[in-house]
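Listed below are the residues making up each chain.
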Amino acid sequence: MEVQGQESTIFENCKLLYDKDGYLQVFTDGACSFNGTERAWTGVGVYFNELHPCNISMPVEGNQTCNAAELRSALLGAQQALKMGAKKLTINTDSKPLINSFQQWIPTWIDRGWVNTRGKPIKNKEDLIHLHKLLGCFESVKWNYVPSHGGTPGNESADKLAKDGIQRISEEQHLASGSEVAYNDGKVNTSLITHGRYNLRPRKK
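Treat the numbers as computed from the prediction; the structure is a model and nothing was measured. (Residues numbered from 1 in each chain as written. Predicted model: local features only at pLDDT ≥ 70, side-chain atom pairs only at ≥ 80, totals over all residues. Heavy atoms only, no water.)

## Quick word on the overall build of the chain
The following threshold applies: By the criteria applied, helices consist of DSSP H or I runs no shorter than four residues and strands consist of E runs no shorter than two, each listed in order from the N terminus. Burial status follows relative accessibility: with a 1.4 Å probe on protein chains alone, a residue under 20% of its type maximum counts as buried, one over 50% as exposed, and anything between as partly exposed. Whether two residues touch is decided by their heavy atoms; if any such pair falls within 4.5 Å, the residues are in contact. Exposure was quantified through the Shrake-Rupley algorithm and a 1.4 Å probe, taking into account, for residues, occlusion by the shown protein chains and nothing else.
When you go through the chain residue by residue, the secondary structure sums to 4 helices and 10 strands. When the helices and strands of the chain are listed from N to C terminus, the series reads β-β-β-β-β-β-α-β-α-α-β-α-β-β. Buried residues in the chain amount to 47% of all 205 residues. When contacts within the chain are restricted to residue pairs at least 6 apart in sequence, long-range pairs at least 24 apart make up 61% of them. Total accessible area computed for the chain in this model is approximately 10700 Å², and 50% of it derives from carbon and sulfur atoms.

This is the structure we're talking about:
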């Protein structure tokens with residue numbers, strides 16, 4: 001089977017996707033509900049191929065922002081690729097800030113001691129450092145920008161996995177308490193607590 005990528009033709013090989021130069025293809029995405037508010041929930045999606053056992057869909061712990069979720073998804077994708085023995089990796093993402101971080105900004109952040117021009121700590125520093133080290137374990141890494149919701153199958157699948165990761169928060173919290181709170185325009189079965197695993201807060205109607 002042949003799959004059209006953003007910049008190259010990708011071929012299915014042993015249930016994994018490689019381009020003509022032997023780069024393993026991973027599609028990563030982060031999703032955030034109520035981004036930029038104290039009520040934000042985030043999830044990550046990592047997609048290698050349809051129903052592949054190394055695909056990931058899960059909530060994000062810690063910083064609940066879209067950028068944090070995009071970063072965490074790429075980190076998890078790189079971890080999975082290393083476990084599978086990949087030597088060359090292409091990370092396909094719709095996050096330009098993530099790509100710019102690794103193609104342009106990280107050398108400057110390292111030189112400054114991981115602070116910005118105002119002397120403030122770089123956000124998501126720990127995950128940035130972790131992923132930077134992981135990428136150094138590959139022979140070669142390429143970043144490929146894929147427009148969000150542009151119809152690229154791998155990106156659409158990663159997006160769905162990320163959104164499913166947010167939904168898992170609702171399901172797990174519902175199992176814990178069985179109460180309901182408002183979520184977007186409908187209802188989900190969930191109980192959100194301020195000090196639990198996801199550090200989430202109740203939605204206001």
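## Describing the packing of helix H1 (residues 66-83) against helix H3 (residues 125-135)
What counts here: Axis definition: a line fitted to C-alpha atoms, limited for helices to the stretch in contact. Angles are taken between N-to-C directions and run from 0 to 180 degrees. Roughly parallel covers angles under 35 degrees, roughly antiparallel covers those over 145, roughly perpendicular covers 65 to 115, and oblique covers all other angles. Crossing handedness is read from the near helix: turned anticlockwise from the far helix by less than a right angle, it gives a left-handed crossing, and turned clockwise, a right-handed one. Classification convention: Asp, Glu, Lys, Arg as charged; Ala, Val, Leu, Ile, Met, Phe, Trp, Tyr, Cys, Pro as nonpolar; all other residues, Gly among them, as polar.
Orientation of H1 relative to H3, taken along the N-to-C sense of each, is 30 degrees, at an axis distance of 10 Å. Considering the angle they form, H1 stands roughly parallel to H3. For the pair H1 and H3, the sense of crossing is left-handed. In this structure, H1 contributes Leu-71, Arg-72, Ala-74, Leu-75, Ala-78, Gln-79 and Leu-82 to the contact, and H3 contributes Asp-127, Leu-128, His-130, Leu-131, Leu-134 and Leu-135. Per-class residue counts for the contact of H1 with H3 are 9 nonpolar, 2 polar and 2 charged.

## Quick look at helix H2 (residues 96-112)
Because the α-helix completes a turn every 3.6 residues, residues three or four places apart line up on one side. Put simply, the rule reads: Helix span, as expected, comes to 1.5 Å for every residue beyond the first. For this analysis, a polar contact is any N or O atom pair within 3.5 Å, provided that within protein one partner can donate a hydrogen and the other can accept it, and provided that sequence-adjacent residues contribute only side-chain to side-chain pairs.
Taking 1.5 Å per residue as the helical rise, H2 with its 17 residues ought to reach 24 Å, and the 22 Å between its terminal C-alpha atoms agrees with that figure. Its buried side turned inward, H2 meets H1, strand S7 (88-93), H3 and strand S8 (140-145). Its side-chain oxygen 3.2 Å from the backbone nitrogen of Leu-98, Ser-95 forms the N-cap of H2. Of the residues one or two after H2, Gly-113 is the one with positive phi, at around 80 degrees.

## Looking at the packing of aromatic side chains
Given two aromatic rings, one states the distance between the centres and the angle between the planes to describe the pair. Which entries qualify depends on this criterion: For Phe, Tyr and Trp, where Trp contributes only its six-membered ring, two rings pair if their centres lie within 6.5 Å, and the inter-plane angle classes them as stacked under 30 degrees, edge-to-face over 60, or tilted in between. Geometrically, a lysine NZ or arginine CZ counts as sitting over a ring once it is within 6 Å of the ring centre and also within 35 degrees of the ring normal.
If you walk through the whole model with that rule in mind, you get 4 aromatic pairs. Among the aromatic residues, those joined into a cluster by ring pairs are Trp-105, Trp-109 and Trp-114. A cation over an aromatic ring shows up here: Lys-96 above the ring of Tyr-145, its NZ or CZ 4.9 Å from the ring centre. Residue placement shows Lys-142 over the ring face of Tyr-23; its charged tip is 4.1 Å from the ring centre.

## Focus: the pattern of salt bridges
Stated precisely, the cut-off is as follows: What counts as a salt bridge is simple: a side-chain nitrogen of Lys or Arg found within 4 Å of a carboxyl oxygen of Asp or Glu.
Summed over the entire model, instances satisfying the criterion amount to 5 salt bridges. When the shortest N-O distance is used, the salt bridge between Asp-21 and Lys-20 registers 3.6 Å. In this structure, the salt-bridge partner of Lys-163 is Asp-159, at a minimum N-O distance of 3.2 Å. Linking Lys-163 with Asp-159, this pair stays in helix H4 (residues 153-177), spanning 4 residues, or about one helical turn. Since its relative accessible area comes to 11%, Asp-159 is described here as buried.

## What about the environment of Ile-122?
With respect to the helices and strands, the residue Ile-122 is situated in the loop between H2 and H3. When its relative accessible area of 11% is taken as the criterion, Ile-122 is described as buried. Non-local contacts of Ile-122, meaning those with residues more than four positions away in its chain, are made with Trp-109, Trp-114, Val-115, Asn-116 and Leu-128.

## As for the environment of Cys-32
Along the chain, Cys-32 turns up in strand S4 (residues 24-33). Judged by its relative accessible area of 23%, Cys-32 falls in the partly exposed class. Along the sequence, Cys-32 and Val-60 sit 28 residues apart, while their C-alpha atoms lie 9.6 Å from each other. What Cys-32 contacts, discounting residues up to four positions off in sequence, is Ala-40, Trp-41, Thr-42, Gln-64, Thr-65, Cys-66 and Ile-166.

Keep in mind these numbers describe shape, not what the thing actually does.
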